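The lines below spell out each chain.
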Amino acid sequence: MSTGRTLEFLTQEQFDQFYRDGYLLLPGFLSDEQIQGLLARTKQLLDDFTLEGHPMTKFTTGESEAENKHVGDEYFLNSGNKIRYFLEEDAVGLDGQLNRSKEQSVNKIGHALHEIDPVFREFTLENEKLRALARDLAFHRDPEVLQSMVICKQPRIGAKVPEHNDSTFLYTDPPSALGFWFALEDCTPSNGALSFLPGSHTTTKIAKRFVRLPEGGTGFEDLPVGDQPAGDNAGKEYIQETCEAGTLVLIHGSVLHKSERNTSARTRFAYTFHMIESPPLAKYDEKNWLQPTPAMPFSKLFAIKA
Ligand SMILES: O=C(O)CCC(=O)C(=O)O
Ligand SMILES: [Fe+2]
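Residues numbered from 1 in each chain as written. Chains lettered and ligands numbered in written order. Predicted model: local features only at pLDDT ≥ 70, side-chain atom pairs only at ≥ 80, totals over all residues. Heavy atoms only, no water.

Caption draft 1: Quick peek at the sheet that holds strand E11 (residues 239–240). Spatial strand order, E5-E13-E8-E11: four strands in an open sheet with antiparallel pairing. For this open sheet the edge positions go to strand E5 (161–164) and E11, each flanked by a neighbour on one side alone. Relative to strand E13 (residues 257–259), strand E8 (residues 194–196) runs antiparallel, the two sharing three bridges. Each bridged residue has a counterpart across the sheet, and for Phe-196 the counterpart in E13 is His-257. (Pairing = 2+ DSSP bridges. Helix = DSSP H or I, 4+ residues; strand = E, 2+ residues; numbered from the N terminus.)

Here it is in C-alpha cells:
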C-alpha cells in the first residue's frame, strides 16, 4: 500500500504491516527518560488519589446496588474532562472497602490526562514524533486527541479486557479511531500483554456503538453497517504481543484485541490515548459516551493552519 507521500517516521515495511495486521509495535519508541518521567508522574497521581467521595465500584455502605450503579455511572460518564480513578473490581470487598492499598487498587486513571496533567499533556500534545506518526498513518488532515488513560493492571487482580475494537467506543462516521498504547513496563504472558486478531480490521464491521442511554448509564446500540468491509475471522488466531517498556503499540480502530488478567506479582502500567479524524472527513458521534465540552473541546494535534 502506498500513500503517495513520503513517510516521515515509519519505514514502508512498518506502514504496510500496520495496514495488513491492524496494529504495529514500535519497540524503543520512548526514551528511558520518558518512561521514567511518565511512571513517576503516574505514581504521583496514585499518591494524590483520595477515596473521599469516590463511589467505589460495587456496593457502598447502606445503599442499594441500583443507586450505587447510578453513582458509578456518573463517575464514569463525567470523567471525559477530568482525572478520575477506576478501581479493580477485585480490590473492593463485599463490605465496600478496599482490600489493599489505594495505590494497588486502581485499575486505570482517566480520561483527560492529556488535557489536564502537565506531564501527560506535554508528552501527548507537544510531541513531534507523534505528529510525524499521525501524518504517516494518513491522519494528516486534522486529527483530534481524546480519551487518555493510564492502565495499571495490578498484580494478581488486574482485570482482563475482553475482545473489542476501539471504534465501537469512539465511533465516528466513517470509523477513524486510532489507538496509541505505550508500555511503561515490560508486558509479559503473565501480566496481561495485549493480544490481537491480525487482519481483523479488514473483516470486522463496526456493527454497534457504545452509547450514553437516554435513561442514564451506557449500553450498546446496533449500527447500519453499510459499505464497511465484510468478511469473517474464521481461521484467524489471536497473537499475544509481549513487549518491553518503551514500546508504542499502534492500534487500528477496527482491529479486534484484548488482554488477559494479570496473574503475576508485577504491575503492567501502560499509557494510552486515541486520535480521531475531524470533519469533514469524519463526524464524531453525538451518542458516544465521551463528549467534548465548550470548556474542553478535543485538542488538535496540529496547529490550525490558515
Ligand atoms: O491495556 C489493555 O489491556 C487494553 C487496552 C486497550 O484495549 C486499548 O488501549 O485500546
Ligand atoms: Fe482497546
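Caption draft 2: The arrangement of unusual backbone geometry in detail. Omega for the peptide link from Asp-173 to Pro-174 comes to -5°, which places this bond in the cis form. Within the secondary structure layout, Pro-174 lies in the loop between strand E6 (172–173) and strand E7 (178–183). Cis geometry marks the peptide bond from Pro-279 to Pro-280, where omega comes out at 5°. With respect to the helices and strands, the residue Pro-280 is situated in the loop between strand E14 (270–276) and strand E15 (283–284). Phi at Gln-147 takes a positive value of approximately 55°, unusual for a residue other than glycine. The class for Gln-147 is buried, based on a relative accessible area of 8%. A positive phi angle is found at Arg-156, which is not glycine, with a value near 70°. As for its position among the elements, Arg-156 is in the loop between strand E4 (144–151) and E5. (Buried < 20%, exposed > 50% of the residue type's maximum accessible area, 1.4 Å probe, protein only.)

Caption draft 3: Region of the structure containing the pattern of salt bridges. Under the criterion given, the structure shown has 16 salt bridges. As a salt-bridge pair, Glu-8 and Arg-135 come within 2.6 Å of each other at their nearest N and O atoms. Here Glu-8, found in the segment before helix H1 (12–21), pairs with Arg-135, found in helix H6 (residues 128–136); they are 127 residues apart in sequence, far enough to count as distant. Look at Glu-8 and you get partly exposed, because its relative accessible area is 47%. Across the salt bridge formed by Glu-221 and Arg-209, the nearest N and O atoms sit 2.7 Å from each other. (Salt bridge = Lys/Arg side-chain N within 4 Å of Asp/Glu carboxyl O.)

Caption draft 4: Examining the coordination of the iron ion (ligand 2) more closely. Donor atoms from the polypeptide that coordinate the iron ion (ligand 2) comprise His-164 (NE2), Asp-166 (OD) and His-257 (NE2), at 2.1 to 2.2 Å from the metal. Read in sequence order, the donor residues for the iron ion (ligand 2) give the motif H-x1-D-x90-H. Note that Asp-166 is positioned in the loop between E5 and E6 and His-257 in strand E13, a separation of 91 residues in sequence. Assessed through its relative accessible area of 8%, Asp-166 is described here as buried. (Donors = N, O, S within 2.8 Å, 3.2 Å for Na, K, Ca; no water.)

Caption draft 5: Looking closely at the site of ligand 1. Residues in contact with ligand 1, as listed here, are Ile-151, Lys-153, Val-161, His-164, Asp-166, Trp-181, Leu-194, His-257, Ser-259, Arg-268, Thr-272 and His-274. A distance of 3.0 Å separates an oxygen atom of ligand 1 from a polar atom in the side chain of His-164. Within the complex, 95% of the 300 Å² of free accessible area of ligand 1 lies under protein. For the shell around ligand 1, the elements supplying multiple residues, two or more each, are E5, E13 and E14. (Near = heavy atom within 4 Å. Polar contact = N/O pair within 3.5 Å; in protein donor to acceptor, adjacent residues only side chain to side chain. Areas by Shrake-Rupley, 256 points an atom, 1.4 Å probe, with all protein chains shown as cover.)

Caption draft 6: View of the pairing of strand E3 (residues 106–111). Most of E3 sits out of view: five of its six residues are buried. As defined by bridge partners, strand E2 (residues 83–87) adjoins E3 across five bridges and the pair is classed as antiparallel. Each bridged residue has a counterpart across the sheet, and for Ile-83 the counterpart in E3 is His-111. As judged from the four bridges shared by E3 and E4, these two strands associate in the antiparallel manner. Bridged to His-111 within E4 is Ser-148.

Caption draft 7: Region of the structure containing the state of the cysteines. This model, assessed by the stated rule, comprises zero disulfides. With no disulfide of its own, Cys-152 lies 13 Å from the sulfur of Cys-187, the closest cysteine sulfur. Between Cys-243, a cysteine without a disulfide, and Cys-187, which holds the nearest cysteine sulfur, the sulfur-to-sulfur distance is 4.0 Å. (Disulfide = S-S within 2.5 Å.)

Caption draft 8: Structural view of the packing of aromatic side chains. Summed over all chains, the structure comprises 20 aromatic pairs. A centroid spacing of 5.0 Å and a plane angle of 45° characterise the contact between Phe-169 and Phe-210, whose relative ring orientation is tilted. With Phe-169 in the loop between E5 and E6 and Phe-210 in strand E9 (residues 208–212), this residue pair connects regions lying 41 residues apart in the sequence. Here a set of aromatic residues connected by ring pairs shows up, and it is made of Phe-9, Phe-29, Phe-120, Phe-123, Phe-180, Phe-182, Tyr-271 and Phe-273. When the ring centre of Phe-220 is taken as reference, the NZ or CZ atom of Lys-208 above it lies at 4.7 Å. Seen from the ring of Tyr-238, Lys-258 lies directly overhead, with NZ or CZ sitting 4.2 Å from the centre. (Phe/Tyr/Trp six-rings, centres within 6.5 Å; stacked < 30°, edge-to-face > 60°. Lys NZ or Arg CZ within 6 Å of the ring centre and 35° of its normal.)

In short, shape yes, function no, at least from these values alone.
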